Amino acid sequence: MNARTTLAALACALLCITGCSRQTAGSAAGGHNPWTQPGVVRLGEPDEPDNINPMFGHTTATDEVDGLVFAFLLRYDANGNYIPDFATQVPTTRNGGISADGKTIVVHVRAGARWSDGAPLTANDWIFTYHAVLNPANNTKMRYGWDDIVSASAPNPTTIVIHLKHADASFLGTLAMGGSAYPPLPAHLLAALPNINTASFNAAPISSGPYVLQRWNHGSSLIFVPNPYYFRGAPKLKQIVWRVIPDPNTQFSQLQTHEIDVYPGVSENAIPHLRDVTGIRVMRKLVANWRHLGFNTSKPLLSDVRVRRAITEAVDWKRLMDTVYHGYDRLAVSDIFPDSWAAPALPAYRYDPRDAAALLRAAGWRPGPSGFLMRSGKELRLTLSSATGNMEDEQSEVVVQSMLKAVGIDVRVRNYPVSLLFAQNGPIYSGAYDMEWSVETNGPDPDNSGTWNGAFIPPKGGNTSWLNDPLVNRLSDAARRTNDRTKRKALYQREEERLRELYPHVAVYWENKYTAVNTDMHNYKPAAFIADTWNSWQWTI
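Only a predicted model underlies this, so the values are computations on that prediction, with no experimental measurement involved. Each residue is numbered by its place in its chain's sequence as written, counting from 1. Confidence filtering applies because this is a predicted model: local features only for residues at pLDDT of at least 70, side-chain atom pairs given and counted only at 80 or more, and all residues used for totals across whole chains, interfaces and linings. The basis for the side-chain values is all heavy atoms of the structure; hydrogens and waters are excluded.

Engineer: Describe the overall build of the protein chain, naming the residues involved and giving the relevant values.
Structural biologist: Secondary structure elements are defined from DSSP: runs of H or I of at least 4 residues count as helices, runs of E of at least 2 residues count as strands, and each element is numbered from the N terminus. Scanning the protein chain for helices and strands turns up 14 helices and 19 strands. For a compact globule of 541 residues, the expected C-alpha radius of gyration is about 24 Å, and the protein chain comes in at 24 Å, within 12% of that figure. Projected onto its principal axes, the C-alpha coordinates of the protein chain cover approximately 70 × 65 × 45 Å. Every one of the 541 residues in the protein chain was classed for burial, and the buried ones make up 58%. Long-range contacts, defined as pairs at least 24 residues apart, comprise 69% of the intrachain contacts of the protein chain with a sequence gap of at least 6. Counting every atom, the protein chain has about 21200 Å² of accessible surface; 52% of that belongs to carbon and sulfur. Note on charges: Lys and Arg go in the positive column, Asp and Glu in the negative column, and His and the chain ends are not counted at all. In this description, the location of a charge corresponds to atom NZ of lysine, CZ of arginine, CG of aspartate or CD of glutamate. On the protein chain, the mean spot of the 51 positive side-chain charges and the mean spot of the 50 negative ones are 3 Å from each other. Using C-alpha atoms as the atom set, the radius of gyration is obtained and then compared with a globule rule of 2.2 Å times the number of residues to the power 0.38. For every residue, the accessible area obtained with a 1.4 Å probe (protein chains only) is divided by the maximum for its type, and the residue is called buried under 20%, exposed over 50%, and partly exposed between those limits. Contacts are assigned to residue pairs that have any heavy atoms within 4.5 Å of one another. All accessibility values rest on the Shrake-Rupley procedure with a 1.4 Å probe; residue burial counts only the protein chains present in the view.

So, in structure tokens, the structure goes:
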């Protein structure tokens with residue numbers, strides 16, 4: 001079968017998958033699937049959180065679980081628009097929530113809200129969180145945005161007043177979800193502690209969100225039940241069961257046997273077989289998860305941009321995406337979401353093994369007796385790290401390893417459990433890696449200072465490439481400081497061009513996420529940004 005025929009057949013299969021739901025013959029008219037447990041949703045998830053307190057957690061699982069148990073000031077809807085959560089409205093200049101100069105933010109929060117233990121949830125909890133984030137005794141993963149606050153106060157229990165050093169077009173993201181956005185934490189439990197790094201709350205929190213973590217069976221499951229004091233009223237479900245299923249084959253098997261009701265992020269190998277599963281509907285959404293090969297530019301062997309560029313040119317990224325990941329996703333050219341107003345105009349990465357070899361020669365590398373390149377008596381040997389348990393990722397590492405071997409680079413694969421890979425003291429955030437193969441998740445605002453600006457190199461933030469380029473620093477700062485979208489877009493265009501000159505990473509693809517859901521479940525709406533749990537209080541089954 002030629003490539004054109006294959007793609008046509010695949011398109012037909014995908015139309016069938018995403019355009020219809022298959023029902024079981026045993027379902028009675030107006031009834032439900034025989035495997036449905038009314039009021040109980042079973043999520044089939046690949047990981048468990050590395051830490052439920054978002055000040056310390058780095059994983060997607062943390063973001064999703066936090067969407068169940070915490071009330072943020074703001075949330076994102078399925079398309080990345082701000083919506084009020086604990087706040088009563090989204091601050092804007094029109095409603096007086098943002099001052100004319102952009103330096104003062106006023107947030108009004110709900111009156112009468114409570115934590116799941118019955119204690120009042122007020123503006124003072126957010127003020128406590130602000131001080132906790134900046135407390136040097138706390139190992140806060142990222143203070144980005146918070147360190148731009150000059151002062152913050154709660155003149156009354158339902159009002160927060162924030163004064164910024166300068167206008168920041170991305171600051172509302174600090175009040176929302178994901179990254180360096182942290183929800184109000186319970187001052188009545190945590191304020192007396194010198195630090196909260198090891199507080200029992202981090203694994204067994206009380207809740208301000210729709211659900212309470214009832215039990216965490218580490219390595220197996222997390223059980224959530226309704227928060228009786230949730231300010232929106234009781235959520236619709238009796239229980240949410242988060243089943244930890246690291247193996248994609250097991251995830252799909254449990255979807256087939258209806259042991260789970262939701263399989264988010266269906267494995268690429270399983271997508272063609274979804275049409276054979278009865279009683280599910282399948283949703284596809286382009287989400288702000290981008291696959292990349294990240295370089296630790298602080299490592300001596302990778303500090304030379306010619307080596308990083310050679311690695312980039314030696315790998316056929318489109319071929320890898322079309323084969324290992326079956327072409328379901330969208331080829332990336334940058335770390336800015338392709339549907340964003342700020343998406344840059346850039347060409348695809350160049351595949352040119354011959355030029356890659358020339359770049360390595362220019363950098364002083366010559367063939368050694370083992371067949372790998374050598375310089376000053378040392379081989380060009382690098383480690384490549386990813387999370388364990390994902391078959392496609394492991395296959396990709398083998399492909400990258402093989403293509404780099406062809407130009408004389410010795411790559412050793414060294415993978416870790418996801419909870420260790422992204423831990424505060426794990427290989428990525430401690431810098432104990434050469435190259436890493438992972439997925440990052442973006443918020444709706446294109447601000448990427450926390451990823452590339454030298455001010456946010458760990459432990460001060462998430463710049464795990466250790467890049468510290470004056471031009472990138474200047475451009476990313478300038479883009480945050482203006483609300484003029486035309487100016488911001490031009491600044492991001494130049495920043496992304498500069499990143500292409502420096503090669504701190506390769507952006508490979510943006511994920512087209514396929515989610516399989518029990519047809520009896522309603523109001524589950526996969527999100528383009530951060531967490532599918534954004535509206536979990538509305539879920540029913």
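Engineer: A description of the pattern of salt bridges should follow, citing residues and the corresponding values.
Structural biologist: As a working rule, side chains carrying opposite charge can pair if their charged atoms are close by. A carboxyl oxygen of Asp or Glu within 4 Å of a side-chain nitrogen of Lys or Arg is what we treat as a salt bridge. Scanning all chains against the criterion turns up 25 salt bridges. In this structure, the salt-bridge partner of Asp-148 is Arg-480, at a minimum N-O distance of 2.3 Å. Placement of the pair is Asp-148 in the loop between helix 3 (123-134) and strand 5 (149-156) and Arg-480 in helix 13 (residues 470-480), with a sequence separation of 332 residues. You'll find Asp-148 and Arg-480 in the same group, each marked buried. For Arg-412, the salt bridge goes to Asp-410, with nearest N and O atoms at 2.9 Å. On the basis of relative accessible area, Asp-410 is assigned to the buried category, the value being 7%.

Engineer: Hey, could you go over the sheet that holds strand 15 (residues 378-379) for me, with residue numbers and the actual values?
Structural biologist: A sheet is described by the order of its strands in space; here three strands give the open sequence 13-14-15, paired in antiparallel fashion. Where the open sheet ends on each side, the last strands, each with one partner, are strand 13 (366-367) and strand 15. Two strands form a pair only when DSSP identifies at least two bridges running between them. Inspection of the sheet shows strand 13 paired to strand 14 (residues 373-375) by two bridges, in the antiparallel sense. Within the sheet, the bridge partner assigned to Pro-367 lies in strand 14 and is Leu-373.

Engineer: Account for the pairing of strand 16 (residues 381-385), with residues named and values stated.
Structural biologist: Most of strand 16 sits out of view: four of its five residues are buried. Note that strand 16 and strand 17 (residues 410-413) share four bridges and pair parallel. The partner of Leu-382 across the bridge, within strand 17, is Val-411. Throughout, right-handed denotes a crossover for which the path from the first strand over the helix to the second runs clockwise when the strands point away from the viewer. For the handedness criterion, the β-α-β arrangement of strand 16, helix 9 (residues 391-405) and strand 17 is classed as right-handed. By the bridge criterion, two bridges tie strand 16 to strand 18 (residues 435-441) in an arrangement that is parallel. The partner of Leu-384 across the bridge, within strand 18, is Met-435.

Engineer: Which residues make up the sheet that holds strand 4 (residues 104-108), and what are the values?
Structural biologist: A sheet is described by the order of its strands in space; here three strands give the open sequence 4-6-5, paired in antiparallel fashion. On the outer flanks of this sheet lie strand 4 and strand 5, each paired with one strand and no other. Within this sheet the neighbouring strands show an average axis-to-axis angle of 15°, counted without direction. Axis angles are defined between N-to-C directions and span 0 to 180 degrees, where every axis is a line fitted to C-alpha atoms and, for a helix, only to the segment in contact. Helix-sheet contacts for helix 3 involve strand 5 and strand 6 (159-164), and the interaxial angle to strand 5 is about 160°.

Engineer: Help me get a handle on empty space enclosed by the protein, residues and values and all.
Structural biologist: Definitions used throughout: a 1 Å grid over protein atoms alone; a cavity as a set of points that fits a 1.4 Å probe which cannot get out; a pocket as an open set with protein on both sides within 12 Å along at least five of seven lines; a lining residue as one with an atom within 4 Å of a point. Grid points are joined across faces, edges and corners, and a volume is the space filled by probe spheres set on the points. By the definition in use, this model includes four cavities of 30 Å³ or more. Taken together, 14 residues form the lining of the largest cavity, with His-292, Glu-440, Trp-452, Thr-464 and Ser-465 sitting closest to its centre. Broken down by secondary-structure element, the contributors of at least two residues to the lining of the largest cavity are strand 11 (280-295), strand 18 and helix 12 (449-452). Here the lining of the largest cavity gets four residues from one element, more than from any other, and that element is strand 11. When residues are grouped by polarity, Ala, Val, Leu, Ile, Met, Phe, Trp, Tyr, Cys and Pro land in nonpolar, Asp, Glu, Lys and Arg in charged, and all others, Gly among them, in polar. Here the residues of the lining of the largest cavity are counted per class, giving five nonpolar, seven polar and two charged.

Engineer: So, unusual backbone geometry: which residues are in play, and what are the values?
Structural biologist: Cis geometry is adopted by the peptide bond preceding Pro-459, which originates at Pro-458 and carries an omega value of 10°. Inspection of the secondary structure assignment puts Pro-459 in the loop between helix 12 and helix 13. At Ser-376, a position not held by glycine, the phi torsion is positive, near 55°. Tracing the backbone through its elements, the reader meets Ser-376 in the loop between strand 14 and strand 15. You can call Ser-376 exposed: its relative accessible area is 74%. Backbone geometry places Asn-523, a non-glycine residue, at a positive phi of 70°. Mapped onto the fold, Asn-523 is located in the segment after strand 19 (505-518).

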